[in-house]
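Inside the fold
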Amino acid sequence: MKMAKFTTKDFDEMFPDDDACLEWLKNLRWPDGIHCAKCQKITKFYKRAGLKVYACEFCGHSVSPTAGTIFHKSDTPLRSWFHAIFLMASTKTGISAKQLQRELGVTYKTAWRIFKQVRKLMDENINPLTGQVEIDETYIGGKRTGKRGRGASGKSIAMGMVERDGNAIAKIVPDIKAKTLIPLIEKQVAKENKTIVFTDELPSYNNVERIGYAHEIVQHAAKQYVRGIAHVNTVEALWSTIKRGIDGVNHHVSPLYLQSYLDSYIYRYNHRNDEQPLFQSLLGRVSTPRQAEQLS
Ligand SMILES: [Zn+2]
């Protein structure tokens, strides 16, 4: 993946301490200055020593840059949060809560809470896929590599949809029946003239054409892997990256948390060509203007 680099040195220079993080957060939330709810105008706000708030120069009305963000009411230093986001965004295959615990020097409980919150930032709604879309399912988690219908005990099933040269979506599904897979396709893939869906010969995909998509099938059982533009190699490559990540970094992923692991891989995948380093785009998601609450 090519991704703009944001190095450890960059991080240390930009965020030397908690105050620098808070200042950055303030500028993110109020890029055009803070409108004082009491004075009813844009005034200068000053950092209040020892507190995570800024106060209006005239009336003392305070605002908290962390209100409404994942950092609010957390005892963990802001810089540790920023560091966690940096670590989770910077490593290609992801980082486990256990590694976060070591890097941040916090308890496992705290590391896990931070981990879950940061992964939530990676959960995004993307536009329905279009163009050439490859669809495939796979078994992940558990101890052994499984194949459809056998050796799959303890594993979860993931369904992946990948737009060639575009975005991907991956969902944990209860089974590979048509009544499970087809509604997901209809929800995530646009029915447009230019959309072509590529799958293998799994019978559950038989109705893809009937419900309104152009559909090309590769016969994997007949050792056919590429037929013209028909193949599912892109989604299969994505599965191997995800599996390497889960096996190599996150040894014990409970099925309950697999979806959020998938979300974090998919987030990195969908942002692989970003100009802005992933770390900064993630930080930009910690709050939205609508969440900017003012505290008195
Ligand atoms: Zn004021």
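None of the values given here were measured: they were computed from a predicted structure.

1. Topic: the overall build of the chain
When its secondary structure is counted, the chain shows nine helices and 10 strands. Residue burial in the chain is summarised as follows: out of 296 residues, 48% are buried. Summarising the internal contacts of the chain: among those between residues at least 6 apart in sequence, 59% fall at separations of at least 24. With an accessible surface of roughly 15300 Å², the chain has 50% of that area assigned to carbon and sulfur atoms.

2. As for the coordination of the zinc ion
Coordination of the zinc ion by the protein comes from Cys36 (SG), Cys39 (SG), Cys56 (SG) and Cys59 (SG), over a distance range of 2.3 to 2.4 Å. Donor residues for the zinc ion sit on one chain with the sequence pattern C-x2-C-x16-C-x2-C. Here cysteine 56 lies in strand S4 (residues 54-56) and cysteine 36 lies in the loop between strand S1 (34-35) and strand S2 (42-43), a separation of 20 residues in the sequence. With respect to class, cysteine 36 is no different from cysteine 56; both count as buried.

3. Overview of the pairing of strand S7 (residues 156-163)
Counting buried positions along S7 yields eight of eight residues, so the element is predominantly enclosed. Of the two faces of S7, the one lined by Ser156, Ala158, Gly160 and Val162 and the one lined by Ile157, Met159, Met161 and Glu163 are each fully buried. Sheet topology places strand S6 (residues 132-140) next to S7; eight bridges connect them, and they run antiparallel. Note that in S7 the partner of threonine 138 across the bridge is alanine 158. In the sheet, S7 pairs with strand S8 (residues 168-173) via six bridges, with the strands oriented antiparallel. When the bridges of S8 are listed, alanine 158 appears paired with isoleucine 172. Where S7 folds back onto S8 in an antiparallel hairpin, the turn is made up of four residues, including aspartate 165, whose phi is positive at roughly 60 degrees.

4. Things to note about the packing of helix H3 (residues 78-90) against helix H4 (residues 97-104)
Helices that pack against each other are described as a pair by the angle of their axes relative to one another and the distance between those axes. Viewed as axis vectors pointing N to C, H3 and H4 meet at an angle of 135 degrees, and their least axial separation amounts to 11 Å. Taken together, the axes of H3 and H4 are oblique relative to one another. As H3 packs across H4, the resulting crossing turns out to be right-handed. Judged by residue contacts, Ser80, His83, Ala84, Leu87 and Met88 of H3 engage Leu100, Glu103 and Leu104 from H4. Its residues assigned to classes, the contact of H3 with H4 comprises five nonpolar, two polar and one charged.

5. Observations concerning the sheet that holds strand S9 (residues 196-200)
Taken in spatial order, the five strands of this open sheet run S8-S7-S6-S9-S10, and their pairing is mixed. Taken across any chain shown, the strands that pair with only one partner, and hence form the sheet edges, are S8 and strand S10 (214-218). On average, adjacent strands in this sheet sit at an angle of 25 degrees to one another, irrespective of strand direction.

6. What to know about a positive patch on the surface
A cluster of basic side chains, namely Lys109, Arg113, Lys116 and Lys120, defines a positive patch on the protein surface. In this fold, lysine 109 is placed in helix H5 (residues 108-121).

Calculation criteria
Residues numbered from 1 in each chain as written. Predicted model: local features only at pLDDT ≥ 70, side-chain atom pairs only at ≥ 80, totals over all residues. Heavy atoms only, no water. Helix = DSSP H or I, 4+ residues; strand = E, 2+ residues; numbered from the N terminus. Buried < 20%, exposed > 50% of the residue type's maximum accessible area, 1.4 Å probe, protein only. Contact = heavy atoms within 4.5 Å. Areas by Shrake-Rupley, 256 points an atom, 1.4 Å probe, with all protein chains shown as cover. Donors = N, O, S within 2.8 Å, 3.2 Å for Na, K, Ca; no water. Pairing = 2+ DSSP bridges. Axes fitted to C-alpha atoms, helices over the stretch in contact; angles between N-to-C directions. Parallel < 35°, antiparallel > 145°, perpendicular 65-115°, else oblique. Left-handed = near helix turned anticlockwise from the far one by under 90°. Nonpolar A, V, L, I, M, F, W, Y, C, P; charged D, E, K, R; others polar. Patch = residues over 30% accessible without salt bridge, like charges linked within 9 Å, V, L, I, M, F, W, Y side chains within 5 Å. Salt bridge = Lys/Arg side-chain N within 4 Å of Asp/Glu carboxyl O. Lys, Arg positive; Asp, Glu negative; His and termini not counted. Charge placed at Lys NZ, Arg CZ, Asp CG, Glu CD.

Keep in mind that these numbers describe shape and distance, not what the molecule does.
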